[in-house]
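Breakdown of the fold
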Amino acid sequence: MFRKFAIAAVTVATVATAAVTIAPSEAHAKNRAGAVAAGAIIGLAAGAIIASQAQPRYYQPVRCHNQPIRRWSPYQRQYVVVGYRQVCY
């Protein structure tokens, strides 16, 4: 999803920058609106590209094992395994 957004942002920035090109005589005439618009578009495109390169967060794998449940058996006079429970950490 981020790649599609980045590609679309770069395309929009390229088209908008090509439309906002300023001649040197206009730049000296204090035409700042075009420069601000071009800068904003290029900044948004750069931000989209940087955001698309972000790596997912690392999550530590969950480790689980079955722990025996022991109960005292008066008939056998010792602890007997009556079941298991899954312990994760």
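Since the structure is predicted, the reported quantities are computational estimates derived from the model, not experimental observations. (Residues numbered from 1 in each chain as written. Predicted model: local features only at pLDDT ≥ 70, side-chain atom pairs only at ≥ 80, totals over all residues. Heavy atoms only, no water.)

The next point concerns the overall build of the protein chain. What the protein chain contains, in helices and strands, is three helices and two strands. Starting at the N terminus, the α and β elements of the protein chain follow one another as α-α-α-β-β. A burial count over the protein chain gives 12% of its 89 residues as buried. Relative to all contacts within the protein chain whose residues are 6 or more apart in sequence, the contacts with residues 24 or more apart total 39%. Accessible surface computed for the protein chain: about 8,000 Å², of which carbon and sulfur atoms make up 61%. (Helix = DSSP H or I, 4+ residues; strand = E, 2+ residues; numbered from the N terminus. Buried < 20%, exposed > 50% of the residue type's maximum accessible area, 1.4 Å probe, protein only. Contact = heavy atoms within 4.5 Å. Areas by Shrake-Rupley, 256 points an atom, 1.4 Å probe, with all protein chains shown as cover.)

Bringing the packing of aromatic side chains into the picture now. Given two aromatic rings, their pairing is described by the distance between the two centres and the angle made by the two planes. For the structure shown, the criterion picks out one aromatic pair. Between Trp72 and Tyr79, the ring centres sit 5.3 Å apart and the planes meet at 75 degrees, which makes this aromatic pair edge-to-face. (Phe/Tyr/Trp six-rings, centres within 6.5 Å; stacked < 30°, edge-to-face > 60°.)

Here we come to the state of the cysteines. Applying the stated criterion across every chain yields a total of one disulfide. Residue pairing for Cys64: its cysteine sulfur links by disulfide to Cys88, the two sulfurs lying 2.0 Å apart. For the disulfide bridge between Cys64 and Cys88, the dihedral angle about the S-S bond is near 110 degrees, and by the sign convention the bridge is right-handed. Separated by 24 residues along the polypeptide, Cys64 in strand β1 (residues 64-73) and Cys88 in strand β2 (residues 78-88) bring together distant segments of the chain. Given the relative accessible area of 38%, Cys64 is considered partly exposed. (Disulfide = S-S within 2.5 Å.)

Across the protein chain, the average pLDDT comes to 79, with 66% of residues at or above 70. When mean pLDDT is compared element by element in the protein chain, β1 scores highest at 97, while helix α2 (residues 24-27) scores lowest at 57. (pLDDT = per-residue confidence, 0-100.)

Relative to β2, β1 runs antiparallel, the two being bridged by 10 bridges. Each residue of the ladder has a partner; that of Trp72, found in β2, is Tyr79. The turn joining β1 and β2, which pair antiparallel and follow one another in sequence, is formed by four residues; a positive phi near 55 degrees is taken by Arg77. (Pairing = 2+ DSSP bridges.)

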